[in-house]
Amino acid sequence: MHKRASISIVVVLAFIVVSANLQIYVVRDSAGGTVFWKEGEAFLFLGTSQTGYRFSYLKYPFVAASEYFYVPTQPNAERASSVVIRVTPATIERDVLDYGDDTSETVAFLTPFDDGFYAMCKGAVLCKWSGSGFSPATQEEERRHGGLDRLIRGGTKDKSVNGWQVRNAGSSPGYRFEVQLGDKLMLLIQNHAHDAREYPWISVDLLRQGQAPEKLYNRNETPRRVTRAEYDLIFQGATQAKP
């Protein structure tokens, strides 16, 4: 009897030790952004950031319980990035902005003006979209636009700003809208989640008359299991906290 009890204790202890050392790797993709359009031209500023979590099998039940009660789990790694897509009847331009693990490099208060898109960059600096990234505005541009004062700080859903129509991509479950760019070109933006408890899943499709839809963006925020190799590749070079 004592021998069986001893074996059971050893098995349980071995299970605990193994569970405490084996790691689970989870990645969550960001989804959504803002769409601007006017006169047959559209700009889409969309998130592509990723957040990484790693924890032991022993800790997993506590993580699952926290998520169930809407208590966020602290990430172990982050990589901030976004994609800017410009669409016209004649061309599609795509630029990826990778900020690494420095989330302070991302821009805020993105606002369209008659001469381009402006925002607040790191250090509370007025910056302008240059076609491949954000660069500090010139003194003349600062003077013309009043520095940061005229940047939009509130929500932009269903607004018109300086001649541009503005909508947030995927602001609520089931939300979808169309952007007409000429007679034969249209963008379809939609959130495939249908319940507030679901993670956003945002897609952008380019629809051309007589052609199959072209997927420009497709991001699902539902956390997904990955291998350690995949996790390390995604967050290569990023500062990672210990579990």
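It should be noted that the structure appears before, not after, this text.
The following refers to the structure shown. Only a predicted model underlies this, so the values are computations on that prediction, with no experimental measurement involved.

## Here's the deal with the pairing of strand β13 (residues 176-180)
- The alternating pattern of β13 places F177 and V179 on a buried face, while none of R176, E178 and Q180, on the opposite face, is buried.
- Inspection of the sheet shows β13 paired to strand β14 (residues 185-191) by five bridges, in the antiparallel sense. Residue pairing across strands places R176 opposite Q190, the latter belonging to β14.
- Linking β13 back to β14 in an antiparallel pair, the connection comprises four residues, with G182 at a positive phi of about 85°.

## Considerations on the state of the cysteines
- Overall, the coordinates contain one disulfide when judged by the stated rule.
- Each sulfur in the disulfide pair C121 and C127 lies 1.9 Å from the other. Taking the torsion about the sulfur-sulfur bond, which here is approximately 85°, the covalent link between C121 and C127 counts as right-handed.
- Among the residues examined, C121 registers a relative accessible area of 15% and is labelled buried.

## Points about the environment of I92
- Checked against the element boundaries, I92 lands in strand β6 (residues 92-100).
- A relative accessible area of 31% places I92 in the partly exposed class.
- Measuring from C-alpha to C-alpha, the distance between I92 and L216 comes to 9.5 Å, with 124 residues separating the pair along the chain.
- Excluding its chain neighbours within four sequence positions, the residues that come into contact with I92 are I85, R86, L206, R208, E214 and L216.

## Comments concerning the pattern of salt bridges
- Enumeration according to the criterion identifies 17 salt bridges in this entry.
- D195 is the partner of R197 in a salt bridge, and the nearest nitrogen-oxygen pair spans 3.0 Å.
- In this structure R197 comes out as exposed when scored by relative accessible area, which is 66%.

## Considering the sheet that holds strand β10 (residues 134-136)
- Read from one edge to the other, the open sheet built from four strands follows the order β7-β8-β9-β10, with strand pairing classed as antiparallel. Here the strands that pair on one side only, and so sit at the sheet edges, are β7 (108-113) and β10. Taken pair by pair, the neighbouring strands of this sheet meet at an average axis angle of 35°, ignoring direction.
- Examined bridge by bridge, β7 and strand β8 (residues 116-121) share four bridges and lie antiparallel to one another. Of the residues in β8, the one forming a bridge with T111 is Y118.

## What about the layout of surface pockets?
- For the second largest pocket, the calculated volume is near 490 Å³.
- Lining the second largest pocket are 26 residues, with G33, T34, F45, V107 and L110 sitting closest to its centre.
- Going through the elements one at a time, β2 (33-38), β3 (41-47), β5 (77-87), β6 and β7 are the ones with two or more residues in the lining of the second largest pocket.
- With four residues, the single largest contributor to the lining of the second largest pocket is β5.
- In the lining of the second largest pocket, the residues fall into 13 nonpolar, 13 polar and no charged.

## Quick word on the nonpolar core
- Membership of the largest hydrophobic core comes to 22 residues, with the highest contact counts inside it found for V87 and L187.
- Those residues in contact with L187 that sit more than four places away from it in its chain are A42, L44, V87, F177, E178, V179, L181, V204, D205, L206 and L216.
- Membership of the second largest hydrophobic core comes to 18 residues, among which are F117, A119, I152 and V161.

## Re unusual backbone geometry
- Despite not being glycine, E39 has its phi angle at roughly 45°, a positive value.
- On the secondary structure map, E39 appears in the loop between β2 and β3.
- Phi at A124 takes a positive value of approximately 55°, unusual for a residue other than glycine.
- Tracing the chain through its elements places A124 in the loop between β8 and β9 (125-129).

About the cut-offs
- Residues numbered from 1 in each chain as written.
- Predicted model: local features only at pLDDT ≥ 70, side-chain atom pairs only at ≥ 80, totals over all residues.
- Heavy atoms only, no water.
- Buried < 20%, exposed > 50% of the residue type's maximum accessible area, 1.4 Å probe, protein only.
- Helix = DSSP H or I, 4+ residues; strand = E, 2+ residues; numbered from the N terminus.
- Pairing = 2+ DSSP bridges.
- Disulfide = S-S within 2.5 Å.
- Contact = heavy atoms within 4.5 Å.
- Salt bridge = Lys/Arg side-chain N within 4 Å of Asp/Glu carboxyl O.
- Axes fitted to C-alpha atoms, helices over the stretch in contact; angles between N-to-C directions.
- 1 Å grid on protein atoms, 1.4 Å probe; cavity = no way out; pocket = protein on both sides within 12 Å on 5 of 7 lines; lining within 4 Å.
- Points joined across faces, edges and corners; volume = space filled by probe spheres on them.
- Nonpolar A, V, L, I, M, F, W, Y, C, P; charged D, E, K, R; others polar.
- Core = buried A, V, L, I, M, F, W, Y, C linked by side-chain atoms within 4.5 Å.

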